[in-house]
Amino acid sequence: MAQVVRSPKVYDVCIIGSGAAGGTAAKVLTEGGLSVVMLEAGPPLNPEKDFKEHVWPYQLAHRGVGVGGEFRHELGDEFMAPNGAWEIDGEPYTSAPGSQFHWFRSRIVGGRTNHWGRIALRFAPVDFRARSTDGMGDDWPITYEEVSPYYDKVESYIGVFGTKENIPSAPDGIFLPPPVPRCTETIVKKACDKLNIHCVPSRMAILTKPVNGRAACHYCAQCGRGCITASNFSSSQVMIPPAQATGRFTLMTGAMAREIVVGKDGKAEAVAYIDKATRSEKRVHARAFMVAASACESARLLLNSRSTLFPDGLANSSGAVGRYLTDSVGSSAGGYFPQLEKMPPHNHDGVGGMHLYMPWWRYDRKNDFLRGYHIEFGGGRDMPGVGEFDGICKDHEGYGASLKQHCRTRYGTYIGFAGRGEMIPNERSYCEIDPDTVDQWGIPVLRFHWQWSDNEVKMAKDMQETFRSIVETAGGKFISKARPDGRHPYGIEDGGVIIHELGTARMGSNPKTSVLNKYCQAHDVDNVFVTDAAAFVTNPDKNPTLTIMALSWRASEYLIDQAKKGSL
Amino acid sequence: MATKSISRRDILKTLTMGAMAGSVLRVIPAQAAEYAHHMVAAEKAATTAGVYTPKFFSPQQYKTLQALCQAIIPEDSDSGGAKEAGAPEFIDLLTSENPKYQLRLGGGLMWLDAECTDRYGKPYLDCLPEQQKEILDLIAYRENAEKDPRLSQGVEFFAFLREMTADGFFTSEIGIKYLGYIGNTYLLSFPGCPPVPEA
């Protein structure tokens with residue numbers, strides 16, 4: 001008995017999604033004087049209640065691994081900030097035969113910024129000129145110089161620590177001072193120095209000094225659990241509150257967008273959404289729309305917005321919506337470092353993530369593969385967790401006093417390394433609407449197609465070799481499950497696993513091969529913008545979140561400018 | 001508890017309003033954050049007291065589980081063992097919710113008792129200490145299964161129980177203390193690394 005309820009109010013802008021892109025747009029647009037309504041498919045967030053900061057594993061009956069141990073060795077455990085998951089009940093997605101794709105989604109105010117790694121890296125000038133540089137992929141319709149002022153704005157506002165390094169592959173930004181390295185990091189840096197691999201302070205959206213009334217980090221290493229003092233960046237705590245403070249912001253939670261409705265004039269006029277609480281369909285009207293639901297979810301919404309004017313989906317006359325899907329190339333390994341056995345117990349927590357990292361360092365020579373990767377690493381005397389002693393138990397076997405002591409001796413002596421490299425878009429990696437499946441709200445779901453190409457596999461191989469040389473140079477014993485063959489050659493992860501999926505509504509100057517113009521505005525429908533990572537043309541070896549915010553900020557200012565000119 | 005008279009919510013509300021005066025962001029000022037964190041931790045630390053009633057294992061099996069856990073990680077002069085750390089409770093709870101664990105651990109315990117009955121005429125718990133040691137020494141190492149394939153199921157069972165026992169012990173309060181983990185606290189600055197001994 002679906003009853004369509006029409007809201008009489010017409011907002012200036014309707015934003016779909018409350019994460020990095022949506023949150024940034026909400027802040028900028030409302031502060032610029034526009035009235036904004038935001039649709040979020042999940043519930044509101046209450047940090048005091050929802051965050052498990054400072055909880056010990058033994059304070060939870062399942063010690064953090066959930067009912068039946070379902071999260072043992074999984075990313076999302078009971079400690080993680082709420083509502084991010086690989087699977088959502090009643091909201092499936094599918095993979096085409098032979099394709100392996102994993103989609104981490106979040107249904108809560110703030111989206112995945114509640115759990116992200118806080119790694120905040122600028123793209124380099126060369127990343128915007130991919131095709132001009134090596135003939136593969138495409139150039140962006142914008143340059144680093146055009147985006148740079150927006151990186152400045154984002155960094156200044158959210159707070160990012162780091163250091164000026166003058167590394168061409170990793171442009172400097174506006175940085176807070178970095179935290180000093182941990183023991184594990186000093187050992188790795190020494191080895192990297194010998195190998196001529198850059199190993200420099202990481203760039204993370206965590207405050208080492210108070211910024212805009214937010215307290216500085218208190219070094220509990222638990223950013224992924226959510227931070228009660230908002231000392232790290234999340235859209236829910238840093239972007240949404242200032243939008244609310246303007247009095248021009250309406251947040252609708254439990255609102256799952258189904259379709260963007262187009263008027264006779266070919267302009268978007270409303271979003272039809274499912275109000276999850278009542279399972280009824282409603283509409284919200286606006287003069288402009290910012291789709292910011294995450295790259296694939298945004299593509300899904302456009303593809304599901306079919307009409308007589310746009311039979312292949314909204315803004316899809318190019319057929320590029322859902323295409324050019326990429327994720328980061330991920331491969332990991334680690335090492336056992338005997339010198340760490342001798343470390344006296346000490347506080348190793350630090351910020352929630354790495355204090356040092358390795359930006360791409362071989363930009364000045366020809367390699368076996370195109371593009372590059374950076375290396376993230378971590379380990380040491382972290383808070384013990386379920387599953388952590390599996391490897392040690394397997395190695396030692398036996399039982400009793402010697403096993404117990406061996407676990408203590410080996411505790412904190414492992415350092416893990418993870419490469420994050422650039423994937424070049426290919427024709428076999430994309431998403432489309434699954435013709436056979438709808439979710440529990442009746443909305444057709446996505447079907448993923450995925451294939452790595454040789455370039456990515458070569459990159460993963462190189463990562464493994466680099467990890468080995470770092471570990472062995474540092475006096476450690478290399479440990480890797482990666483094999484040259486099989487489903488995951490050289491340890492390359494399945495598509496989507498690194499959670500940097502993007503490119504599904506890319507920008508470009510040619511409307512025949514791209515969805516958006518350089519302001520994230522749809523070529524086909526000028527009051528529709530897509531401001532999440534769907535807009536990206538390349539997926540360089542830098543985590544996308546900072547660039548999502550910079551582009552969303554830029555698109556929002558453009559929209560305000562249009563509104564002032566009366567063309568909204 | 002000194003904090004009983006005033007609720008955590010009241011405190012957080014007050015702190016938050018203080019922060020609002022200077023900022024549109026809903027956050028807690030630095031000087032008050034530590035206090036708030038302690039209160040949150042104390043509240044979330046409320047543990048259940050009393051005797052644990054096994055949810056999956058029979059009373060007899062649970063006693064065997066406790067004995068095995070304690071054999072895997074025993075009490076010593078530095079700390080209590082897996083039993084004191086609550087590992088059997090943790091294992092029973094997860095097993096009660098997970099059919100795969102029920103097969104591996106529930107079935108494994110029955111395998112052990114059957115094997116002990118074959119060898120010694122009694123289930124594991126009733127065996128003499130040297131008999132218990134003999135069978136554990138057999139199933140605690142993969143190479144024994146390679147020599148004698150009849151042991152392979154027992155070796156698989158024990159390997160999984162060893163991991164689960166380590167999980168239960170090292171995520172407990174006494175296990176974390178035993179390891180020497182220091183942290184999960186509020187620091188004004190991160191101290192960095194003490195001198196690293198040479199490799």
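These numbers were taken from a predicted model, which means no experiment stands behind them. (Residues numbered from 1 in each chain as written. Chains lettered and ligands numbered in written order. Predicted model: local features only at pLDDT ≥ 70, side-chain atom pairs only at ≥ 80, totals over all residues. Heavy atoms only, no water.)

**Some words on the overall build of chain B**
For chain B, the helix and strand inventory stands at nine helices and zero strands. Classification of the 199 residues of chain B by burial places 48% in the buried group. Here the analysis covers contacts within chain B between residues at least 6 apart in sequence; of these, 55% occur between residues at least 24 apart. With an accessible surface of roughly 10300 Å², chain B has 57% of that area assigned to carbon and sulfur atoms. (Helix = DSSP H or I, 4+ residues; strand = E, 2+ residues; numbered from the N terminus. Buried < 20%, exposed > 50% of the residue type's maximum accessible area, 1.4 Å probe, protein only. Contact = heavy atoms within 4.5 Å. Areas by Shrake-Rupley, 256 points an atom, 1.4 Å probe, with all protein chains shown as cover.)

**As for the pattern of salt bridges**
Residue and element names in this part refer to chain A. Within the structure shown, the criterion is met by 44 salt bridges over all chains. Of the charged contacts, one joins Asp134 and Arg371 as a salt bridge, the two residues approaching to 2.6 Å between their closest N and O atoms. Remark: Arg371 occurs in the loop between strand 12 (356-357) and strand 13 (373-379) and Asp134 occurs in helix 3 (residues 130-134); sequence separation between them is 237 residues. For Asp134, a relative accessible area of 26% corresponds to the partly exposed category. Assessed through its relative accessible area of 15%, Arg371 is described here as buried. (Salt bridge = Lys/Arg side-chain N within 4 Å of Asp/Glu carboxyl O.)

**Quick look at the packing of aromatic side chains**
Residues and elements named next belong to chain A. Applying the stated criterion to the full structure yields 35 aromatic pairs over all chains. Relative to Phe104, the ring of Trp86 has its centre 5.2 Å away and its plane inclined at 80°; by these criteria the two rings are edge-to-face. Here Trp86, found in the loop between strand 3 (84-85) and strand 4 (94-95), pairs with Phe104, found in the loop between strand 4 and strand 5 (105-106); they are 18 residues apart in sequence, far enough to count as distant. In this structure Phe104 comes out as buried when scored by relative accessible area, which is 4%. Centroid distance Phe101 to Phe448: 4.2 Å. Interplanar angle 15°. Geometry classified as stacked. Of the two residues, Phe101 is situated in the loop between strand 4 and strand 5 and Phe448 in strand 16 (residues 444-449); the sequence distance between them amounts to 347 residues. A relative accessible area of 4% places Phe101 in the buried class. The buried category is assigned to Phe448, whose relative accessible area is 0%. (Phe/Tyr/Trp six-rings, centres within 6.5 Å; stacked < 30°, edge-to-face > 60°.)

**As for the packing of helix 3 (residues 59-72) of chain B against helix 5 (residues 99-120) of chain B**
Residues and elements named next belong to chain B. Here helix 3 crosses helix 5 at 85°, and the two axes come no closer than 11 Å. Here helix 3 lies roughly perpendicular to helix 5, going by the angle between them. Contacts between helix 3 and helix 5 involve Gln61, Thr64, Leu65 and Leu68 on the former and, on the latter, Gly106, Leu109, Met110 and Leu112. Split into classes, the residues belonging to the contact of helix 3 with helix 5 amount to five nonpolar, three polar and no charged. (Axes fitted to C-alpha atoms, helices over the stretch in contact; angles between N-to-C directions. Parallel < 35°, antiparallel > 145°, perpendicular 65-115°, else oblique. Nonpolar A, V, L, I, M, F, W, Y, C, P; charged D, E, K, R; others polar.)

**Notes on unusual backbone geometry**
One non-glycine residue, A:Ala230, lies in the positive phi region at around 55°. Phi at A:Arg371 takes a positive value of approximately 70°, unusual for a residue other than glycine.

**Some details on the pairing of strand 15 (residues 430-438) of chain A**
Residues and elements named next belong to chain A. Examined bridge by bridge, strand 15 and strand 16 share five bridges and lie antiparallel to one another. By the bridge assignment, Val438 is partnered in strand 16 with Pro444. A loop of five residues connects strand 15 with strand 16, the two strands running antiparallel in sequence, and Gly442 in this loop sits at a positive phi of about 85°. (Pairing = 2+ DSSP bridges.)

**Quick look at the side chain of A:Arg381**
Turning to its location among the elements, A:Arg381 is positioned in the loop between strand 13 and helix 9 (390-396). Comment: no salt bridge for buried A:Arg381; closest opposite-charge side chain is A:Asp382, at 9.2 Å. A polar contact is formed between the side chain of A:Arg381 and the backbone oxygen of B:Leu179, at a distance of 3.1 Å. Only 3.2 Å separates the side chain of A:Arg381 from the backbone oxygen of B:Gly180, close enough to count as a polar contact. (Lys, Arg positive; Asp, Glu negative; His and termini not counted. Polar contact = N/O pair within 3.5 Å; in protein donor to acceptor, adjacent residues only side chain to side chain.)

**Let's talk about the environment of A:Asn510**
All names here are of chain A. Relative to the helices and strands, Asn510 is located in the loop between strand 17 (477-479) and strand 18 (528-530). For Asn510, a relative accessible area of 35% gives the class partly exposed. Taking the C-alpha atoms as reference points, Asn510 and Gln59, separated by 451 residues in sequence, lie 57 Å from one another. At a separation of 2.8 Å, a polar atom in the side chain of Asn510 contacts the main-chain amide nitrogen of Lys512.

**Some words on the interface of chain A and chain B**
Taken together, the 79 residues of chain A in the interface contact 76 residues of chain B. Interface area for chain A against chain B, summed over the two sides, is near 6700 Å², with a carbon-plus-sulfur share of 60%. Across the chain A-chain B interface, the total number found is five salt bridges. Counting across the chain A and chain B interface gives 30 residue pairs in polar contact (both at pLDDT 80 or more). Residue contributions to the side of chain A that touches chain B peak at six residues, all from helix 10 (residues 401-410) of chain A. (Buried area = accessible area lost by both parts, 1.4 Å probe.)

**What about the nonpolar core?**
A:Ile15, A:Leu29, A:Ile158, A:Met358 and A:Phe417 are the most contacted members of the largest nonpolar core, which has 136 residues in total. Here this core takes 10 residues from helix 12 (residues 545-564) of chain A, the largest share from any one element. Here A:Ile15 is in contact with A:Gly22, A:Ala25, A:Ala26, A:Leu29, A:Val36, A:Val37, A:Met38, A:Leu39, A:Met290 and A:Ala292, once residues within four sequence places are set aside. Of all hydrophobic cores here, the second largest spans 52 residues; its members include A:Val386, A:Ile392, B:Ala85 and B:Ala145. (Core = buried A, V, L, I, M, F, W, Y, C linked by side-chain atoms within 4.5 Å.)

**A closer look at helix 4 (residues 87-97) of chain B**
All names here are of chain B. Where burial is concerned, most of helix 4 is hidden: eight out of the 11 residues are buried. Listed as buried for helix 4 are Ala87, Pro88, Phe90, Ile91, Asp92, Leu93, Leu94 and Thr95. In this structure, the buried residues of helix 4 make contact with helix 3, helix 5 and helix 8 (152-170).

**Quick word on the state of the cysteines**
Per the stated rule, a full pass over the model turns up one disulfide over all chains. Bridging A:Cys183 to B:Cys193, the disulfide has an S-S length of 2.0 Å. Handedness of the A:Cys183-B:Cys193 disulfide follows from its S-S torsion of about 100°: it is right-handed. Separated into two different chains, A:Cys183 in helix 5 (residues 183-195) and B:Cys193 in the segment after helix 9 (173-179) make up a pair that spans both. A relative accessible area of 2% places A:Cys183 in the buried class. For B:Cys193, a relative accessible area of 26% gives the class partly exposed. (Disulfide = S-S within 2.5 Å.)

**Let's talk about empty space enclosed by the protein**
Residues and elements named next belong to chain A. Summed over the entire model, instances satisfying the criterion amount to three cavities of 30 Å³ or more. There is about 80 Å³ of room inside the largest cavity. As for the largest cavity, its lining consists of 15 residues, of which Cys217, His218, Cys220, Cys223 and Cys227 are closest to the centre. Looking at the lining of the largest cavity residue by residue, the class counts come to eight nonpolar, six polar and one charged. Of the voids in this model, the second largest cavity is the one considered here, and its volume is about 40 Å³. Taken together, Cys183, Thr184, Leu340, Met343, His346, His348, Gly380, Arg381 and Gly412 form the lining of the second largest cavity. Residues that form the lining of the second largest cavity fall into these classes: three nonpolar, five polar and one charged. (1 Å grid on protein atoms, 1.4 Å probe; cavity = no way out; pocket = protein on both sides within 12 Å on 5 of 7 lines; lining within 4 Å. Points joined across faces, edges and corners; volume = space filled by probe spheres on them.)

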